[in-house]
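Okay, here's what each chain looks like letter by letter:
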Amino acid sequence: MKQEKNRDMTVGKPSRVLWQFCLPLFGSILFQQLYNIADSLVAGRFIGEAALASVGNSYEITLIFLAFAFGCNMGCSVIVSQLFGAKDYRRMKSAVSTACLASLAVCLALMAVGLAGGRFFLSLIHTPEELMADSALYLDIYVWGLPFVFFYNIATGIFSALGDSRTPFAFLAVSSTANVAVDILFVKTFGMGVAGVAWATFLCQGVSCLLALAVVFRRLRDIPADGRGCLFDWRLFRRIAAVAVPSILQQSFISVGNIIIQGVINSFGASVMAGYSASVKLNNLVITGFTTLGNGISNYTAQNVGAGRLDRIRPGFRAGVRMVWLLCVPITVLYLMGGRWLLGIFIDEPTALAVSTGVTYLRILAPFYAVVSAKLIADGVLRGAGMMKAFMAGTFTDLLLRVVLAVVLSKTALGTVGIWCAWPIGWTTAAVLSLVFYYHGPWRGIGSMAVFPGRKTADNRKENERKA
């Protein structure tokens, strides 16, 4: 039985377990963001400011599709984590096949919507006529690659559920590096323009998806199960949906909110759009990093909830906050001091307005990264424990405030500065809510020997720790 890469996070010192699990996630964050920014970087450097604006414009719509893929990832990952922690391997395998079939149905429906309504969505965000053709082309090619996006996310969710963060890191390192190389090949050597950027992403995602699926299903095959599970289990589907649907709604509404904000920004012209497109990529690099670590906390929490080990939740939360704050400090300093230089990576010959837009955006948001990172770690705990109502409350508060304030403040004398100020206000308010929900969770006041009734006993716990 080859399970050496799987990790039982229900035993061992929580901080050590999380560091070992999350260290590869740090690397994954860097390569994931390299993957995400490669298109904008190549478009801005080798095609021009208009191409950068077109890719950035389409990016806000692709985030809606990613929201569904991310929700399917989390629904599968959390439930598989809980069943893995409970050592219920037969139902764990049923959960995987159930999640795959449900995700396929969602993916096909989204492809139909995306291919039929791409230009309509672009018109909703007031895409300038001179950018419409390139934006629509990029979006159409991206939609054809959605099956790769969905099933790659499912595969990485399963790896994380099994406590393996190294294998996804390896796939990301190879595929993201290849994506940059193929981007440059298609755009600079073959002169394919924005289409080359899109096709490069399509090909690299496809290869990494197929390889990830092959490895993860071989890994699952090597885990012994008591009997054979069913291909589609409605009870497990409902459990998966209970996590997936709120996660999809969370990410979808955030994406819709970003689209509304993008529409407001588009009214300020192409230079502001280009500056925002570059700076929002830098911001998303950080936020996605925090979110990825929050997802790691979700897997840790879910395994321990499945094993009945509530006493390990609070130490895990504290370790998670320490990790993200160690990440916050250098990034905040870098963005405050070197924002102008970083923006130059994306735009070859930027206008003064594009640069000032991006620098102002970063300087307003960067000081609040410590706040939003603590919120995302708390959200990870809430989601891993299945506390989805509390999870959603903080998310929707953040979104509502950001969208409403962005629209309102953009019409004042503050202009674009008012839009950027909406981020820290939403983050701070939502962080307070998420932390309150976390501190009042079912682990409140539980001692170090506590377990869920009917799950694992203290004797089981000692035996597992001795084996570990």
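A.B. asks: Please set out the overall build of the chain residue by residue, giving values where relevant.
C.D. replies: Tallying secondary structure elements over the chain gives 15 helices and zero strands in all. Here the chain has a C-alpha radius of gyration of 22 Å; the compact-globule value for 468 residues is 23 Å, and the two agree. Along the longest, intermediate and shortest principal axes, the C-alpha atoms of the chain span 65 × 40 × 35 Å. Per-residue burial for the chain yields a buried fraction of 59% across its 468 residues. Taking the contacts inside the chain whose residues are at least 6 apart along the sequence as the reference set, 85% of them involve residues at least 24 apart. Counting every atom, the chain has about 18,500 Å² of accessible surface; 67% of that belongs to carbon and sulfur. Computing the positive centroid from 40 side-chain charges and the negative centroid from 23, the chain places the two 11 Å apart.

A.B. asks: With reference to specific residues and values, describe the packing of helix 6 (residues 166-189) against helix 7 (residues 193-221).
C.D. replies: Contact geometry for helix 6 and helix 7: axes closest at 8 Å, N-to-C directions at 160°. One finds that helix 6 runs roughly antiparallel with respect to helix 7. Judged by the sense of rotation from one axis to the other, the crossing of helix 6 with helix 7 is right-handed.

A.B. asks: Please give an account of empty space enclosed by the protein that cites residues and values.
C.D. replies: Taken as a whole and assessed by the stated rule, the structure comprises two cavities of 30 Å³ or more. By volume, the second largest cavity is sized at about 30 Å³. Around the second largest cavity sit Ile 141, Tyr 142, Gly 145, Ala 198, Thr 201, Phe 202 and Gln 205, which together line it. Among the elements of the structure, helix 4 (129-144) and helix 7 are those that each provide at least two residues to the lining of the second largest cavity.

A.B. asks: So what's going on with the environment of Arg 235? Residues and values would help.
C.D. replies: Secondary-structure assignment places Arg 235 in helix 8 (residues 234-266). Through-space distance from the C-alpha of Arg 235 to that of Thr 98 is 9.9 Å; in sequence the pair is 137 residues apart.

A.B. asks: Describe in detail the packing of aromatic side chains, supporting the description with residues and values.
C.D. replies: Throughout the structure, instances matching the rule amount to 20 aromatic pairs. Ring geometry for Phe 84 versus Tyr 89: centroids 6.0 Å apart, planes at 45°, classification tilted. When its relative accessible area of 17% is taken as the criterion, Tyr 89 is described as buried. On the basis of an interplanar angle of 35° and a centroid distance of 5.8 Å, the ring pair of Tyr 438 and Trp 443 is categorised as tilted. Residue classification places Trp 443 among the buried positions, given a relative accessible area of 1%. Here the aromatic cluster, defined as three or more aromatic residues joined through ring pairs, consists of Tyr 276, Tyr 361, Trp 420 and Trp 423.

Scoring rules and cut-offs
- The residue numbers shown here count from 1 along each chain, following its written sequence.
- Under the rules for a predicted model, residues below a pLDDT of 70 receive no local features and side-chain atom pairs below 80 are neither given nor counted, while totals for whole chains, interfaces and linings still include all residues.
- Here the side-chain values reflect all heavy atoms present in the structure, with hydrogen atoms and water set aside.
- Only DSSP runs of H or I reaching four residues or more are called helices, and only runs of E reaching two or more are called strands; each is numbered from the N terminus.
- Restricting the calculation to C-alpha atoms gives the radius of gyration, and the globule rule supplies 2.2 Å times the number of residues raised to the power 0.38.
- Throughout, exposure labels follow a simple rule: accessible area from a 1.4 Å probe, protein chains only, divided by the maximum for the residue type, with under 20% read as buried, over 50% as exposed, and the rest as partly exposed.
- Contact between two residues is taken to exist if any of their heavy atoms lie within 4.5 Å; hydrogens are not considered.
- Each accessible area value is a Shrake-Rupley result obtained with a 1.4 Å probe; residue values ignore everything except the protein chains displayed when judging cover.
- Asp and Glu are treated as the negative residues and Lys and Arg as the positive ones, with His and the ends of the chain left uncounted.
- Taken as the charge centre is NZ of Lys, CZ of Arg, CG of Asp or CD of Glu, depending on the residue.
- Lines fitted to C-alpha atoms define the axes here, with helix axes fitted over just the stretch in contact, and angles between the N-to-C directions of these axes take values from 0 to 180 degrees.
- For this classification, under 35 degrees means roughly parallel, over 145 means roughly antiparallel, 65 to 115 means roughly perpendicular, and everything else is oblique.
- Two helices that cross are described as forming a left-handed crossing if the nearer one is turned anticlockwise from the farther one by less than a right angle, and a right-handed crossing if clockwise.
- Site definitions follow a grid-based scheme: protein atoms alone, a 1 Å grid, a 1.4 Å probe that fits but cannot get out for cavities, and for pockets an open set with protein on both sides within 12 Å along at least five of seven lines, plus lining residues having an atom within 4 Å of a point.
- Grid points are joined across faces, edges and corners, and a volume is the space filled by probe spheres set on the points.
- A pair of aromatic rings is counted whenever rings of Phe, Tyr or Trp (Trp by its six-membered ring) have centres within 6.5 Å, and the orientation is called stacked for planes under 30 degrees apart, edge-to-face for over 60 and tilted otherwise.

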